[in-house]
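Chains, contacts and geometry: an overview
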Amino acid sequence: MFDEYNPLDEKIFQVIDNDGKIVNNKWFPEIDNERLLKAYRDMLLARTADLMIVSYQRQGRIYTYPPSYGQEAIQVATAMVMRDEDWLVPAFRELAAYLGKGVTLKEVFLYYMGFEDGSRFLNAKNILPISIPVASQLLHATGIGYEIKYNKKDQVVFAFVGDGGTSEGDFHEALNFGGVWKVPVVFIVQNNQYSISTPVSKQTASKNIAIKSVAYGIKGIKVDGNDIFALFQAIKTASEYARSESEPVLIEALTYRKGSHTTSDDPTLYRTEDEEKEWDMKDPLKRLKAYLLNNNLWTEEQDQQILQQFKQEVDRQFVEAENYPLYKLEDVFEYIYVEMPDDLKRQQNEHENFLKWKEARK
Amino acid sequence: MEGGAKMKVMNIVDALNNALDIKLGEDRNIIIYGEDVGVEGGVFRVTEGLQKKYGAERVLDSPLAESGIVGTAVGMAAAGLRPIVEMQFSGFAYVAFDQLISHVARYHNRSRGRYKMAIVIRMPYGGGINALEHHSESMEAIYGHIPGLKVVIPSTPHDAKGLLTSAIESDDPIIFMEPKRIYRAIKQDVPEEKFLVPIGKAKVISPGKDVTVVAYGAMIREAQRAMVMAKEAGISVELIDLRTIYPIDKDTIIQSVKKTGRIITVAEEPRSFGVAAEISAIASEDAFLYLESPPKRVTGFDTIVPYARGEHHYLQTPEKIFYEIERTVKF
Ligand SMILES: Cc1ncc(C[n+]2csc(CCOP(=O)(O)OP(=O)(O)O)c2C)c(N)n1
Ligand SMILES: [Mg+2]
């Protein structure tokens with residue numbers, strides 16, 4: 001696959017078209033129907049949650065949030081391939097991937113409601129917290145890869161970054177270290193065309209992003225990031241290669257951030273409605289749904305039914321998060337150090353004295 | 001304020017934009033760049049409209065790379081340009097620290113004066129806006145600690161314009177930190193014409209006799225509110241807006257503390273090794289015999305700034321400031 005879709009040739013790996021029709025039989029992956037339906041439901045759940053969070057944000061019930069709708073196929077395909085023992089190293093726009101790893105919606109809500117506790121990820125094995133400093137997490141992925149190799153573990157790391165992130169030095173260092181150390185990391189670039197307002201054409205003069213793998217001596221492939229079949233095939237092949245050869249792979253997944261950068265961003269300042277419409281036709285959820293409907297695997301009634309179910313579930317977990325206990329003063333101090341310095345304790349005590357004084361004044 | 005000058009109501013964002021606009025018009029060596037500063041005009045819109053007016057060669061969206069932004073500015077400055085760059089949030093400036101500490105701060109000295117680093121590095125900083133992690137810190141002391149850099153923080157639209165203009169005209173590198181919490185919160189009449197507010201000069205905002213309160217940036221507003229509470233309690237506060245972190249205006253601080261005998265610094269920074277610590281040291285070293293109580297720091301804790309829901313524990317409130325004012329006066 002890597003030879004056939006060499007990024008130097010500018011080929012894009014695609015399996016279904018915009019109408020959900022198979023255009024690449026050779027690489028059509030074997031996925032049983034149940035798994036495929038689960039993938040669709042996972043994408044739909046992430047989409048539903050995303051859209052609902054945006055409206056909760058407008059109601060003032062949650063703070064700034066970076067929606068990922070439009071990018072679900074990449075994240076769900078990763079979740080399909082990722083094993084329990086594998087590592088997930090997120091950036092900050094991978095809702096469906098976190099959910100696939102066992103993170104709960106409630107935890108995600110807590111995080112964006114302003115609680116560190118949202119990063120506990122109690123039910124998810126081998127996952128790092130959300131990483132806001134762009135691209136910094138990729139080096140952590142390479143470091144984890146070293147541990148896997150060192151202890152001869154049967155694991156792979158899946159590490160995410162955006163197109164903008166490929167401009168940071170950390171991106172290049174992570175790939176370079178990965179190539180030199182030969183570690184099992186699948187680097188996944190969600191190329192959603194923009195870094196806030198800046199189009200990818202202003203990030204790099206390279207013909208594509210996957211091509212950067214060539215310079216680091218590692219495999220790379222450019223994939224249709226809205227085609228779940230292609231993504232599953234590519235990520236699966238990459239992870240098998242990473243696992244068996246202990247080598248990194250760079251996957252560029254071409255997609256579109258359908259929403260705003262975050263809830264405080266206004267995309268009308270920098271992109272056109274025509275462009276948005278064009279990408280609407282490539283919507284990953286629509287494409288998979290078309291495939292499922294065409295093959296009589298799914299019906300509109302089922303779709304409506306499950307959508308209602310998801311909405312209720314999202315709202316249930318959201319309200320649960322809203323009822324989370326108040327943020328206590330101790331919570332500020334508790335995890336700064338493993339061994340809390342005495343002076344820090346003193347600072348906490350001093351502040352408690354102030355709070356008592358304040359209470360007494362009332 | 002400047003007599004007879006034509007005035008316009010501006011908030012801090014307007015004032016900064018206006019200063020940039022005037023200087024871009026005056027000097028074609030000025031280049032503005034950073035993440036999303038061109039087409040979008042910056043995430044806080046400080047550079048709004050400037051690309052349209054001056055073209056994409058002078059106001060440009062750079063790739064997403066802070067080290068790249070600051071490192072290229074070093075080269076531009078060495079070659080004679082006067083770059084003004086933006087770090088989208090101060091929490092992401094750390095990526096550029098090698099360029100900043102190893103080069104921006106040192107080139108003039110290293111080249112024995114041959115290369116001037118006429119660079120302004122703008123960055124929004126500070127808490128209180130319910131932001132995500134890395135978007136709320138006040139790490140000005142780090143920059144103050146780096147020999148070779150000057151560090152400026154305005155607290156009003158007027159000063160924002162005057163200080164930024166001075167920063168742009170300075171041949172030394174300036175870290176220009178913008179208190180984003182009050183970007184649009186304060187409106188004021190500001191002269192439309194160019195004017196300068198000198199770097200390195202604090203300002204006595206309101207004279208008083210019992211205790212000196214030094215603050216800067218968004219903390220001025222909080223301190224002013226505390227002052228009202230103090231007044232009700234019969235305490236007269238002398239409030240100083242520091243305006244420049246480095247070079248710090250020792251004279252104004254010492255003069256004030258010699259008069260009041262007491263000093264409190266209010267800052268959003270973590271407690272240890274900070275601006276407030278520096279001011280306490282200045283008071284102890286240079287006005288020791290005048291002190292009637294220990295110099296006091298009202299700052300954040302030595303902790304990471306908590307996420308939005310816990311930030312109220314960390315931020316300085318008028319009540320907390322008043323509490324310390326009262327304790328200091330009653331000491
Ligand atoms: C080091 C760093 N610089 C700047 C930012 C501010 N910022 C947050 S997201 C973003 C754009 C990221 O674009 P991209 O990598 O394409 O990811 P996307 O947002 O499109 O998912 C920027 C500039 C940051 N978080 N970290
Ligand atoms: Mg992007």
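Note that the coordinates shown come from a computational prediction; the quantities given were computed from them, not determined experimentally.

For the rest of this paragraph, the subject is the overall build of chain A. In terms of regular secondary structure, chain A is built from 13 helices and seven strands. The globule rule puts the C-alpha radius of gyration for 362 residues at 21 Å, and the 22 Å found for chain A is close to it. Seen through its C-alpha atoms, chain A measures out along the principal axes to roughly 75 × 50 × 40 Å. If you take every contact in chain A between residues at least 6 apart in sequence, the share linking residues at least 24 apart comes to 74%. For chain A, the accessible area works out to roughly 15700 Å², and carbon and sulfur atoms hold 49% of it. Placing the 43 positive and 56 negative side-chain charges of chain A at their respective mean positions leaves the two points 0 Å apart.

Residues and elements named next belong to chain A. Only D163 (OD), N192 (OD1) and Y194 (O) from the protein reach the magnesium ion (ligand 2) as donors, at distances of 2.0 to 2.1 Å. Coordination of the magnesium ion (ligand 2) draws on donor residues from a single chain, spaced D-x28-N-x1-Y in sequence. Taking the relative accessible area as the measure of exposure, N192 reaches 4% and is therefore buried.

Okay, the interface of chain A and chain B next. The interface is formed by 41 residues belonging to chain A together with 40 residues belonging to chain B. When the two sides are added together, the surface that chain A and chain B hide from each other amounts to roughly 3700 Å², 60% of it contributed by carbon and sulfur. On inspection of chain A and its partner chain B, the count reaches three salt bridges. Taken together, the connections running from chain A to chain B amount to twelve residue pairs in polar contact (both at pLDDT 80 or more).

Now for the sheet that holds strand β2 (residues 157-162) of chain A. All names here are of chain A. The sheet built from five strands is open, its strands ordered β1-β2-β3-β7-β6 with parallel pairing. Of all the strands in the sheet, the pair left with one neighbour each is β1 (87-89) and β6 (219-224). Along the sheet, successive strands turn relative to each other by an average axial angle of 20°, direction set aside. Bridging between β6 and strand β7 (residues 249-254) involves six bridges; their strand directions are parallel. Bridge pairing in β7 places K222 opposite E252. Running over the sheet, helix α5 (residues 136-150) touches β1, β2 and β3 (185-191) and is turned about 170° from β2. Sitting on the sheet, helix α6 (residues 169-181) touches β2, β3 and β7, and the angle it makes with β3 is about 150°.

Right, let's get into the pattern of salt bridges. Residues and elements named next belong to chain A. Evaluation of the coordinates by the stated rule reveals 52 salt bridges over all chains. Close ionic contact of K362 with E359 constitutes a salt bridge, the shortest N to O distance being 3.6 Å. Look at K362 and you get exposed, because its relative accessible area is 74%. You can call E359 exposed: its relative accessible area is 52%. Through salt bridges with shared partners, a single network forms among R47, E72, K258, D280 and D283.

Another aspect to go through is the site of ligand 1. For ligand 1, the set of nearby residues contains 21 residues, the closest of which are R93, I132, G164 and N192 of chain A together with E66 of chain B. With respect to ligand 1, its neighbouring residues span chains A and B. In this structure, an oxygen atom belonging to ligand 1 sits 2.8 Å away from a main-chain N or O atom of G164 of chain A. In the model, an oxygen atom of ligand 1 is placed 2.9 Å from a nitrogen or oxygen of the Y194 of chain A main chain. With the chains in place, 96% of the 570 Å² that ligand 1 exposes on its own is no longer accessible. A class-by-class count of the residues in the shell around ligand 1 yields nine nonpolar, seven polar and five charged.

Another aspect to go through is the domain arrangement of chain B. All names here are of chain B. If you check the domain split of chain B, you get domain 1 (7-191) and domain 2 (203-329). If you average the C-alpha positions of domain 1 and of domain 2, the two centres end up 26 Å apart. Listed as interface residues are 29 residues of domain 1 and, on the opposing side, 24 residues of domain 2. Of the roughly 2100 Å² buried at the junction of domain 1 and domain 2 (both faces included), carbon and sulfur atoms supply 55%.

We now examine the domain arrangement of chain A. Each assigned domain of chain A is listed here: domain 1 (7-322) and domain 2 (329-360). The C-alpha-based centres of domain 1 of chain A and domain 2 of chain A are spaced at 40 Å.

On the surface, Y146, Y150, F177, V180 and W181 of chain A cluster together into a nonpolar patch covering about 550 Å² of accessible area. Here the nonpolar patch takes three residues from α6 of chain A, the largest share from any one element.

Residue and element names in this part refer to chain B. In space, the seven strands of this open sheet follow the order β3-β2-β4-β5-β7-β6-β12, with mixed pairing throughout. Each having just a single partner strand, β3 (59-61) and β12 (244-246) make up the two edges of the open sheet. Neighbour-to-neighbour, the strand axes of the sheet open up by a mean angle of 20°, direction not taken into account. Looking at chain direction, strand β6 (residues 150-152) and β12 are connected through two bridges and run antiparallel. In the sheet register, V151 faces β12, and the bridge partner there is Y246. Along the sheet face, helix α7 (residues 157-169) touches β2 (30-34), β4 (82-86), β5 (120-125), β6 and β7 (174-179) and points at about 160° away from the line of β7.

Think of two packed helices as two axes; the pair is described by the angle between the axes and how far apart they sit. All names here are of chain A. Remark: helix α2 (residues 72-81) packs on helix α8 (residues 228-245), axes separated minimally by 9 Å, with the N-to-C direction vectors making an angle of 45°. By the angle between their directions, the pair α2 and α8 is classed as oblique. As for how α2 packs across α8, the hand of that crossing is right-handed. The segment α2 lies against α8, with A73, I74, V76, A77, T78, M80 and V81 engaging I228, L231, F232, I235, K236 and S239. Along the lines of polarity and charge, the residues of the contact of α2 with α8 split into ten nonpolar, two polar and one charged.

Rules used throughout
- Residues numbered from 1 in each chain as written.
- Chains lettered and ligands numbered in written order.
- Predicted model: local features only at pLDDT ≥ 70, side-chain atom pairs only at ≥ 80, totals over all residues.
- Heavy atoms only, no water.
- Helix = DSSP H or I, 4+ residues; strand = E, 2+ residues; numbered from the N terminus.
- Rg over C-alpha atoms; globule rule 2.2 N^0.38 Å.
- Contact = heavy atoms within 4.5 Å.
- Areas by Shrake-Rupley, 256 points an atom, 1.4 Å probe, with all protein chains shown as cover.
- Lys, Arg positive; Asp, Glu negative; His and termini not counted.
- Charge placed at Lys NZ, Arg CZ, Asp CG, Glu CD.
- Donors = N, O, S within 2.8 Å, 3.2 Å for Na, K, Ca; no water.
- Buried < 20%, exposed > 50% of the residue type's maximum accessible area, 1.4 Å probe, protein only.
- Buried area = accessible area lost by both parts, 1.4 Å probe.
- Salt bridge = Lys/Arg side-chain N within 4 Å of Asp/Glu carboxyl O.
- Polar contact = N/O pair within 3.5 Å; in protein donor to acceptor, adjacent residues only side chain to side chain.
- Pairing = 2+ DSSP bridges.
- Axes fitted to C-alpha atoms, helices over the stretch in contact; angles between N-to-C directions.
- Near = heavy atom within 4 Å.
- Nonpolar A, V, L, I, M, F, W, Y, C, P; charged D, E, K, R; others polar.
- Domains from an automatic or database assignment.
- Patch = residues over 30% accessible without salt bridge, like charges linked within 9 Å, V, L, I, M, F, W, Y side chains within 5 Å.
- Parallel < 35°, antiparallel > 145°, perpendicular 65-115°, else oblique.
- Left-handed = near helix turned anticlockwise from the far one by under 90°.

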